[in-house]
Amino acid sequence: MTRLAQLDTDDPENFPDPSQALDDPNGLLAFGGDLSPRRLLAAYRRGIFPWYSQGDPLLWWSPDPRCVFATGRVHVARRLRRSLRHSKWTLTLDRAFAHVIRECAAPRAYESGTWITPDMRHAYTRLHESGHAHSLEVWDGAVLIGGIYGVAIGRAFSAESMFSRISDASKAALLALCRALRDWNFPWLDAQVPNPHLLRLGAIELPRQEYLCALSDLVKQPGADFRRLPFTHVAELV
């Protein structure tokens, strides 16, 4: 029986090699530690991320395969294309990070709880304040109707969660982020764990080692300027 590694509280950059992650549950690598910016950034550079529920131990994951979007090849269904082409929605970057993560953490009809605990919200807000976490917002006038947030290091972006208050708003956020990352020479948007919804939107599965080899190069490259999007309206995406 494999013994799960416990992280050293005195060394926030020390993680087990992802190859040591469990097969069941897929990708579970370690427990413990904290959500300090230094530890989080060290984790993301290695393809590791935290994911746990309120009241559970802090768990760290690196699944195999890895779910990613190729930023230049996001699938846009015909119905969605028609909807977005006539949309008056607008887009912003980092205008409402706290609002986006709060909406992502809100209870949903098909889920009994949320993994975006208050500690997680606080930790990623600190990353945002230091320039490493970013949000993309979708607006209907002055009303925030959708968004997505995640972590950027070099030319690697790992999406954490997205939300929608109106049909297709989260799809618009995902598409807009992929379009922007493509223009900034980010080859992948990391979606972490595959599920049927993401795969229908065009996500693919990469073997963990292939993803980690690419990641090790991407995190060393110069980052992008997240102060402005290449576009301001959803209709420009299609």
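Right, let's walk through the structure included here. (Residues numbered from 1 in each chain as written. Predicted model: local features only at pLDDT ≥ 70, side-chain atom pairs only at ≥ 80, totals over all residues. Heavy atoms only, no water.)

A look at the environment of Leu4
Note on placement: Leu4 falls in the segment before strand S1 (5–6). Classification of Leu4 as partly exposed rests on a relative accessible area of 24%. Other than its neighbours up to four places away in sequence, Leu4 contacts Leu22, Leu28, Leu29, Ala30 and Phe31. (Helix = DSSP H or I, 4+ residues; strand = E, 2+ residues; numbered from the N terminus. Buried < 20%, exposed > 50% of the residue type's maximum accessible area, 1.4 Å probe, protein only. Contact = heavy atoms within 4.5 Å.)

Concerning the packing of aromatic side chains
Enumeration according to the criterion identifies 8 aromatic pairs in this entry. Measuring from ring centre to ring centre gives 6.5 Å for Tyr44 and Tyr124, while their planes differ by 85 degrees; the resulting arrangement is edge-to-face. In this pair, Tyr44 is assigned in helix H1 (residues 37–45) and Tyr124 in helix H4 (residues 118–129), connecting sequence segments 80 residues apart. Among the residues examined, Tyr124 registers a relative accessible area of 0% and is labelled buried. Summarising the aromatic geometry, the rings of Phe157 and Phe226 are spaced 6.2 Å apart at their centres and angled 25 degrees between planes, so their arrangement reads as stacked. A residue pair is termed long-range when its members are at least 10 positions apart, and Phe157 in strand S9 (residues 156–164) and Phe226 in the segment after helix H7 (208–218) qualify at 69 residues. Given the relative accessible area of 4%, Phe157 is considered buried. Ring-pair connections join several aromatic residues into one group, and the members of that group are Tyr44, Phe97, Tyr124 and Tyr149. The ring of Trp139 has Arg95 lying over it, and the distance from NZ or CZ to the ring centre is 4.2 Å. (Phe/Tyr/Trp six-rings, centres within 6.5 Å; stacked < 30°, edge-to-face > 60°. Lys NZ or Arg CZ within 6 Å of the ring centre and 35° of its normal.)

Concerning the packing of helix H3 (residues 97–105) against H4
Running from N to C, H3 and H4 cross one another at 155 degrees; their axes reach a closest spacing of 10 Å. Considered as vectors, H3 and H4 are oriented roughly antiparallel to each other. Viewed along their axes, H3 and H4 form a crossing whose handedness is right-handed. Touching Phe97, Ile101, Arg102 and Ala105 of H3 are Met120, Arg121, Tyr124, Thr125 and His128, all from H4. A breakdown of the residues in the contact of H3 with H4 according to their chemical character gives 5 nonpolar, 2 polar and 2 charged. (Axes fitted to C-alpha atoms, helices over the stretch in contact; angles between N-to-C directions. Parallel < 35°, antiparallel > 145°, perpendicular 65-115°, else oblique. Left-handed = near helix turned anticlockwise from the far one by under 90°. Nonpolar A, V, L, I, M, F, W, Y, C, P; charged D, E, K, R; others polar.)

Notes on unusual backbone geometry
Across the junction of Asp24 and Pro25, the peptide omega takes the value 0 degrees, indicating a cis bond. You can see Pro25 is positioned in the loop between S1 and strand S2 (28–31). The phi torsion at Asp168 lies on the positive side, around 80 degrees, for a residue other than glycine. Note that Asp168 resides in the loop between S9 and helix H5 (169–183). For Gln192, which is not a glycine, the phi torsion comes out positive at approximately 70 degrees. In this structure, Gln192 sits in strand S10 (residues 188–192). Residue classification places Gln192 among the buried residues on the basis of a relative accessible area of 6%.

Remarks on the sheet that holds strand S7 (residues 133–140)
The strand order S6-S7-S8-S9-S10-S5-S11 describes an open sheet built from 7 strands, whose pairing is mixed. On the outer flanks of this sheet lie strand S6 (90–93) and strand S11 (204–206), each paired with one strand and no other. On average, adjacent strands in this sheet sit at an angle of 35 degrees to one another, irrespective of strand direction. Inspection of the sheet shows strand S8 (residues 143–153) paired to S9 by 8 bridges, in the antiparallel sense. (Pairing = 2+ DSSP bridges.)

Notes on the sheet that holds S2
Taken in spatial order, the 4 strands of this open sheet run S1-S2-S4-S3, and their pairing is mixed. Across the chains shown, the open sheet's two edge strands, defined by having one partner strand only, are S1 and strand S3 (49–50). Relative to strand S4 (residues 59–61), S2 runs antiparallel, the two being bridged by 3 bridges. Counted as the bridge partner of Phe31 is Leu59 from S4.

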